[in-house]
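What follows is each chain in one-letter form.
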Amino acid sequence: MNKSWSTEDYLQQLTAKGFKFGEDSLGFIEFGKHYTDSSDYLVNIAIEITLKAQKQFDGSFFVSFLEMIKQEQIHSKRAALELAKEKKII
């Protein structure tokens, strides 16, 4: 994942790789982004970890994890992955 990609660009990349995002998934992504006031980069990290942990997109898991990384003041992919391992998410 490129750090400067918008969430839209990232979702297009994932779609090109075969992941499918329905309207409900896109709604959860938009909701989570605005609810937590997160950057595209943090949203993209939360999407990636959601897919790794759940093997598909799970909107409630995504919002929960995004809240967690925001609360823990995570600012990098490495730190988010470490948090996910520490919480036994992945």
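Details of the structure are given in the entry above.
Now for a description of the structure that goes with this document.

## Side note on helix H4 (residues 59–71)
Okay, so step 1: Between the first and last C-alpha of H4 there are 18 Å, a value that for 13 residues agrees with the 18 Å anticipated at 1.5 Å per step.
Okay, so step 2: For H4, the set of buried residues is Gly59, Phe61, Phe62, Val63, Phe65, Leu66 and Ile69.
Okay, so step 3: Summarising the contacts, the buried residues of H4 are in contact with helix H2 (23–36), helix H3 (40–54) and helix H5 (77–86).
Okay, so step 4: Looking at the residues trailing H4, positive phi occurs at Gln73, about 55°.

## Description of unusual backbone geometry
Backbone phi values are negative for most residues with the exception of glycine, while trans is the configuration of most peptide bonds.
Okay, so step 1: Of note, the phi angle at Asp37 is positive, near 55°, even though the residue is not glycine.
Okay, so step 2: You can see Asp37 is positioned in the loop between H2 and H3.
Okay, so step 3: The exposure class assigned to Asp37 is exposed, which follows from its relative accessible area of 63%.
Okay, so step 4: Even without being a glycine, Lys55 presents a positive backbone phi close to 65°.
Okay, so step 5: Mapping Lys55 onto the fold places it in the loop between H3 and H4.
Okay, so step 6: In this structure Lys55 comes out as exposed when scored by relative accessible area, which is 68%.

About the criteria used
- Residues numbered from 1 in each chain as written.
- Predicted model: local features only at pLDDT ≥ 70, side-chain atom pairs only at ≥ 80, totals over all residues.
- Heavy atoms only, no water.
- Helix = DSSP H or I, 4+ residues; strand = E, 2+ residues; numbered from the N terminus.
- Expected span 1.5 Å × (residues − 1).
- Buried < 20%, exposed > 50% of the residue type's maximum accessible area, 1.4 Å probe, protein only.
- Contact = heavy atoms within 4.5 Å.

None of the figures reported here should be taken as evidence of function without further support.
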